[in-house]
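What follows is the residue order along each chain.
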Amino acid sequence: MSFVNAKAYKGGNEFSVKVTKNLMDEFSGWLNWRADGKDSVLDVGSGPGNTVRESIYPLLPPNFTRLVVSDISPQMVELQRKEFSGFERVSCEVLDIGSEISDEMKKKLSTFDHVTSFFCLQWVADQQRAMDNIYSLLKPGGDCFLAIVADTPVLNALISVCENPRWKDCFAGWQEFYGFPYTNITEAKCKGLEFMQKAGFTETRAELRYCPFKYANDEQKENFLRSIPNKFSREVSAEEEEEIFQERLQVFDQFNVGDYRDNTNKIEKPNTYLILYGKREKKPKI
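Residues numbered from 1 in each chain as written. Predicted model: local features only at pLDDT ≥ 70, side-chain atom pairs only at ≥ 80, totals over all residues. Heavy atoms only, no water.

J.: Just to check I follow, could you spell out the environment of Asp 143 for this structure?
T.: Relative to the assigned elements, Asp 143 resides in strand E5 (residues 138-151). Polar contacts involving the side chain of Asp 143 include one to the side chain of His 114, which spans 2.6 Å. (Helix = DSSP H or I, 4+ residues; strand = E, 2+ residues; numbered from the N terminus. Polar contact = N/O pair within 3.5 Å; in protein donor to acceptor, adjacent residues only side chain to side chain.)

J.: What should I look at first to understand the side chain of Asn 271 in this one?
T.: By the secondary structure assignment, Asn 271 is in strand E7 (residues 271-279). In this structure Asn 271 comes out as buried when scored by relative accessible area, which is 5%. A polar contact is formed between the side chain of Asn 271 and the side chain of Tyr 273, at a distance of 3.0 Å. For Asn 271, the contacting residues outside a window of four places in its chain are Phe 15, Asp 151, Thr 152, Pro 153, Arg 209, Tyr 210, Cys 211 and Phe 213. (Buried < 20%, exposed > 50% of the residue type's maximum accessible area, 1.4 Å probe, protein only. Contact = heavy atoms within 4.5 Å.)

J.: Any chance you could explain the sheet that holds strand E3 (residues 90-94) here in plain terms?
T.: Two pairing modes exist for strands in a sheet, parallel and antiparallel, and in both the strands are linked by backbone hydrogen bonds. Read across the sheet, 7 strands follow the order E3-E2-E1-E4-E5-E7-E6 without closing on themselves; strand pairing throughout is mixed. Two strands lie at the open edges of the sheet, namely E3 and strand E6 (202-211), each paired on one side alone. This sheet shows a mean twist of 15 degrees between the axes of neighbouring strands, independent of strand direction. Where E5 lies against E7, 8 bridges are found, and the strand directions are antiparallel. Counterpart to Cys 144 in the pairing with E7 is Gly 278. Contacting strand E4 (112-118), E5 and E7, helix H6 (residues 127-136) crosses the sheet at an angle of about 150 degrees to E5. Here helix H9 (residues 185-199) sits on the sheet in contact with E5, E6 and E7, set at roughly 150 degrees to E6. (Pairing = 2+ DSSP bridges. Axes fitted to C-alpha atoms, helices over the stretch in contact; angles between N-to-C directions.)

J.: I keep staring at the nonpolar core and nothing clicks. Help me out?
T.: A general trend in soluble globular proteins is that nonpolar side chains are found buried together. Core analysis: the largest hydrophobic core is formed by 56 residues, its most contacted members being Leu 67 and Tyr 178. Listed in part, the 34 residues of the second largest apolar core include Leu 42, Leu 109, Tyr 135 and Leu 208. (Core = buried A, V, L, I, M, F, W, Y, C linked by side-chain atoms within 4.5 Å.)

J.: Got a minute to help me understand helix H2 (residues 14-27) in this structure?
T.: At 3.6 residues per turn, the α-helix brings residues three or four places apart onto the same side. An ideal rise of 1.5 Å per residue puts 20 Å on 14 residues; H2 measures up with 20 Å between its terminal C-alpha atoms. At its buried positions, H2 is contacted by helix H3 (50-55), E4, E5, E6 and E7. (Expected span 1.5 Å × (residues − 1).)

J.: Could you clarify how one ought to interpret unusual backbone geometry in this entry?
T.: It is generally the case that most residues other than glycine have a negative phi and that most peptide bonds are trans. The backbone phi angle of Arg 89 is positive, close to 70 degrees, even though this residue is not glycine. With respect to the element layout, Arg 89 can be found in the loop between helix H4 (74-83) and E3. Overall, the relative accessible area of 36% leaves Arg 89 in the partly exposed class. The backbone phi angle of Asn 265 is positive, close to 70 degrees, even though this residue is not glycine. As for its position among the elements, Asn 265 is in the loop between helix H11 (238-252) and E7. What makes Asn 265 exposed here is its relative accessible area of 76%.

J.: Would you mind going over the side chain of Asn 256 with me for this structure?
T.: Residue placement: Asn 256 occurs in the loop between H11 and E7. A residue is classified by how much of its surface remains accessible, and Asn 256, at 15% relative accessible area, is buried. Within the structure, Asn 256 has its side chain in polar contact with the backbone nitrogen of Gly 258 (distance 3.1 Å). Of the polar contacts made by the side chain of Asn 256, one reaches the side chain of Glu 268; its length is 3.0 Å. Excluding its chain neighbours within four sequence positions, the residues that come into contact with Asn 256 are Phe 213, Arg 261, Asn 263, Lys 266, Ile 267 and Glu 268.

J.: What is the right way to look at the packing of H6 against H9 in this model?
T.: Think of two packed helices as two axes; the pair is described by the angle between the axes and how far apart they sit. One can describe the packing of H6 onto H9 by two numbers: an axis separation of 9 Å at closest approach and a directional angle of 50 degrees. Considering the angle they form, H6 stands oblique to H9. For the pair H6 and H9, the crossing hand works out as right-handed. In this structure, H6 uses Gln 127, Gln 128, Met 131, Asp 132 and Tyr 135 to contact H9, whose residues at the interface are Phe 195, Met 196, Lys 198 and Ala 199. Here the residues of the contact of H6 with H9 sort into 5 nonpolar, 2 polar and 2 charged. (Parallel < 35°, antiparallel > 145°, perpendicular 65-115°, else oblique. Left-handed = near helix turned anticlockwise from the far one by under 90°. Nonpolar A, V, L, I, M, F, W, Y, C, P; charged D, E, K, R; others polar.)

J.: Please clarify how helix H10 (residues 218-227) should be interpreted in this entry.
T.: Among the residues making up H10, those that are buried are Gln 220, Lys 221, Phe 224, Leu 225 and Ser 227. The arc that holds the buried residues of H10, viewed along the axis, is 165 degrees, so those residues lie on one side. Where H10 begins, one side-chain oxygen reaches toward the backbone nitrogen of Glu 219, 3.2 Å away; that side chain belongs to Asn 217. (Arc of directions from axis to C-beta.)

J.: Quick question: what am I supposed to make of the pairing of E4 here?
T.: The element E4 is extensively covered by neighbouring structure, given that 7 of its 7 residues are classed as buried. Pairing analysis gives 4 bridges linking strand E1 (residues 40-44) to E4, with the strands arranged parallel. Bridging from a neighbouring strand, Val 44 pairs with Ser 117 of E4. In this view, the connection linking E4 to its parallel neighbour E5 by way of H6 has right-handed handedness. (Right-handed = clockwise from strand over helix to strand, strands pointing away.)

Rendered as structure tokens:
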């Protein structure tokens, strides 16, 4: 899934920046940082780049060799390049981690000591392909740290209209488009580890974390919800699309999405994150 409305997304992702900081503070010790500090890092699904700049870049060793920021959306990558303008050793690339990576792109990217990804992989239909690609982009001995949204009130809002008789003909095949493969929380860790181990990862770990929404205001909340793309199965007018958005917003507003407002009688449902770690084995000694 490609987020075309990149500016709206950036206007609503302050919450994601804060959560990423918290997760990096808690889990960065899982990463096998190089003794010489010359780490290379690829971040997958980096959105507009501000989350990486504020939450990941400051934790890199001073003499890291390179950081590649990526996204499937060219619009996001344009914002990344503005975000990292003047930053040495940082580059920004269009990358679809859920599809076959071309030989040309593999050569351009080469391999990395670490691959990270935050709140991206839940949108990828082919989880096994994504894990296989991440594995292939690691150096022998390299590792990955992935934070995937397992379940969220955002999903309730998105799918609320999909089976509505009024809009059902607009959303044929929505189950694949809004895949979210880990919503069964009791099986999420096992399922994620299975994908990783099938890709070849070793020393795998999985944890679940729960985080309440902390939007600062309605504008942030609405920007984020509006930024999520649709895959309509018939032509939809601008007026219909706005009506669909407003219906989703009504559902989203049933949840506690931040302390800036009165949450009396609001549904308490935090975001659930699946945290995955894995390592690529070193080449066998000859």
